[in-house]
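Commentary on secondary and tertiary structure
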Amino acid sequence: MNAPATEDSFHKLIHENYMYGLWEIASQMTPHPRPEAVPWQWKWSLLERVVKESCTAVPVGDERRAMQLFNPGLNGQWATTGTLIAAVQVLLPGEVARAHRHSPAAIRFIMQGNGAYTAVEGEKVIMREGDLVLTPSWQWHDHGNESGDIVVWMDGLDVPLTKALNAIFFEMNAEIRPRATKPVNGSKSLYGHGHLAPTWTRERPKFSPLMLYSWDQTMQALHALRDRDGSPYEGISLEYTHALSGGPVLPTIGCRVQLIRAGEKLKARRVAGSSVFCVRQGRGRSVIEGKAFEWSRNDIVAVPSWALLEHANTGSEDAILFSINDRPVFEALGLYREEALA
Ligand code: 1HN
């Protein structure tokens, strides 16, 4: 708290008794969000080295081999932005990470390699590059790699939000790999048909019942829409949707993919809420609160709440960004706002 140290006898009395005058903290009521998190980029050249060295430096035991991205503005807090944490996780051929579940919800975006899996509540979900895999709140999950590839993905979780709400719960499974109870990629064969959903299932979960959003379908949609106007701020920007409700995939985390055409420069805007993006393809430059970040494949960038953000494609091919955001929370609570630069 940046309160002036007023220490007359009255102030002494209240401070000693765990009270503070509103006049002492008035500066906290800022005209707009002033997050402590800063815009930041983790280059793939760095992540790749960390990934490589991690393979020998740390085994996969009960904990996963996930390197968390801590925001330099947040003094070692368990967070990449105020509400989200991102990590880069590596699984070598033959490895298994013990089954567990937690109240924070998670997504995986596959950065490199094919054929590892996350088993979610008894359904093995096979990962391929560019896929989005969901692990909603409190769903048992274990990761395994029966392929010959080293598989690397970005984890995205709502850990800082869940922690702020004092709502973290965690449980380790007695078994490393609980028995599969559903067909491989079963949720995709049931719910992965776009505008057609089965009528006989009775589950209506808050999270999308579809656990796998395949890259080939994502690319098909982006290509089909490539020549539309799109958003002046986000380009051809698509939201991954809840397979039954059409809303966000998770109650606390939204996921998007955006295509920025070669040569395209988008307009600057701020939104209430933070995001983290991972570059899937192409090259570009994002200016975030006046700080320029040059990005290319597999770079990861943190965008704090209310940061002025402007993307440009600086390469000769279409650029594609995958991102996670906390917008579902802002929308649900009536806190969402946006402001374009005049
Ligand atoms: C977690 O549980 C996973 O389940 C990955 O694989 C990354 C980062 C922070 C907190 C929990 C996982 C995580 C995580």
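Right, let's walk through the structure included here. Keep in mind that what you see is a predicted model, and the values were worked out from it rather than measured. Along each chain, the written sequence defines residue order, and numbers are assigned to residues from 1. Confidence filtering applies because this is a predicted model: local features only for residues at pLDDT of at least 70, side-chain atom pairs given and counted only at 80 or more, and all residues used for totals across whole chains, interfaces and linings. As a rule here, side-chain values cover all heavy atoms of the structure and leave hydrogens and water aside.

**A closer look at the site of the ligand**
Proximity is defined per residue: if any heavy atom of the residue lies within 4 Å of a molecule or strand, that residue is considered near it. Not every one of the 13 residues close to the ligand is listed here, only the nearest: Arg64, His100, His102, His141 and His143. Whenever a nitrogen or oxygen atom comes within 3.5 Å of another N or O atom, the pair is scored as a polar contact, on the condition that within protein one atom can donate a hydrogen and the other can accept it, and that pairs from neighbouring residues in sequence are kept only if both atoms are in side chains. One of the side-chain N or O atoms of His141 is found 3.0 Å from an oxygen atom in the ligand. All accessibility values rest on the Shrake-Rupley procedure with a 1.4 Å probe; residue burial counts only the protein chains present in the view. When the ligand sits alone it has 330 Å² of accessible area, and the protein chains cover 92% of it. Secondary structure elements follow DSSP: runs of H or I of four or more residues count as helices, runs of E of two or more count as strands, with numbering from the N terminus. Secondary-structure elements contributing two or more residues to the shell around the ligand are strand S2 (66-69), strand S4 (96-102), strand S9 (141-145) and strand S10 (151-157). When the residues that make up the shell around the ligand are grouped by side-chain class, the tally is 4 nonpolar, 6 polar and 3 charged. For this scheme, ten residues count as nonpolar: Ala, Val, Leu, Ile, Met, Phe, Trp, Tyr, Cys and Pro. Four count as charged, namely Asp, Glu, Lys and Arg, and the remainder, Gly too, count as polar.

**Things to note about empty space enclosed by the protein**
Throughout, the protein atoms alone are placed on a 1 Å grid, and a set of points is a cavity if a 1.4 Å probe fits but cannot get out or a pocket if it is open with protein on both sides within 12 Å along at least five of seven lines; lining residues have an atom within 4 Å of a point. Grid points are joined across faces, edges and corners, and a volume is the space filled by probe spheres set on the points. Enumeration over the complete set of coordinates arrives at 1 cavity of 30 Å³ or more. Taken as a whole, the largest cavity spans an internal volume of roughly 320 Å³. Forming the walls of the largest cavity are 23 residues, and the residues nearest its centre are Glu234, Val271, Ser275, Leu309 and Arg327. Mapped by element, the contributors of at least two residues to the lining of the largest cavity are strand S14 (254-260), strand S15 (269-271), strand S16 (275-281), strand S20 (309-313) and strand S21 (319-325). Residues that form the lining of the largest cavity fall into these classes: 10 nonpolar, 7 polar and 6 charged.

**Points about unusual backbone geometry**
We note that Glu121 has phi near 50°; this positive angle belongs to a residue other than glycine. Looking at the secondary structure, you find Glu121 in the loop between strand S6 (116-120) and strand S7 (123-126). Glu121 gets classed as partly exposed once you look at its relative accessible area, which sits at 29%. Of note, Trp306 is a non-glycine position whose phi angle comes to about 65°, a positive value. Position of Trp306 among the secondary structure elements: in the loop between strand S19 (300-303) and S20. When its relative accessible area of 10% is taken as the criterion, Trp306 is described as buried. Only protein chains enter the accessibility calculation, which uses a 1.4 Å probe; a residue whose area is less than 20% of its type maximum is buried, one above 50% is exposed, and one in between is partly exposed.

**Things to note about the packing of aromatic side chains**
For this analysis, a ring pair means two rings from Phe, Tyr or Trp (six-membered ring only for Trp) whose centres lie within 6.5 Å, classed as stacked if their planes differ by under 30 degrees, edge-to-face if by over 60, and tilted for the remaining angles. Scanning the entire structure with this criterion turns up 5 aromatic pairs. Measuring from ring centre to ring centre gives 6.5 Å for Phe10 and Trp23, while their planes differ by 25°; the resulting arrangement is stacked. Separated by 13 residues along the polypeptide, Phe10 in helix H1 (residues 9-16) and Trp23 in the loop between H1 and strand S1 (40-42) bring together distant segments of the chain. Overall, the relative accessible area of 42% leaves Phe10 in the partly exposed class. Trp23 sits in the exposed class, given a relative accessible area of 55%. Between Phe109 and Phe322, the ring centres sit 4.2 Å apart and the planes meet at 5°, which makes this aromatic pair stacked.

Remember that the coordinates give geometry; whether it matters functionally is a separate question.
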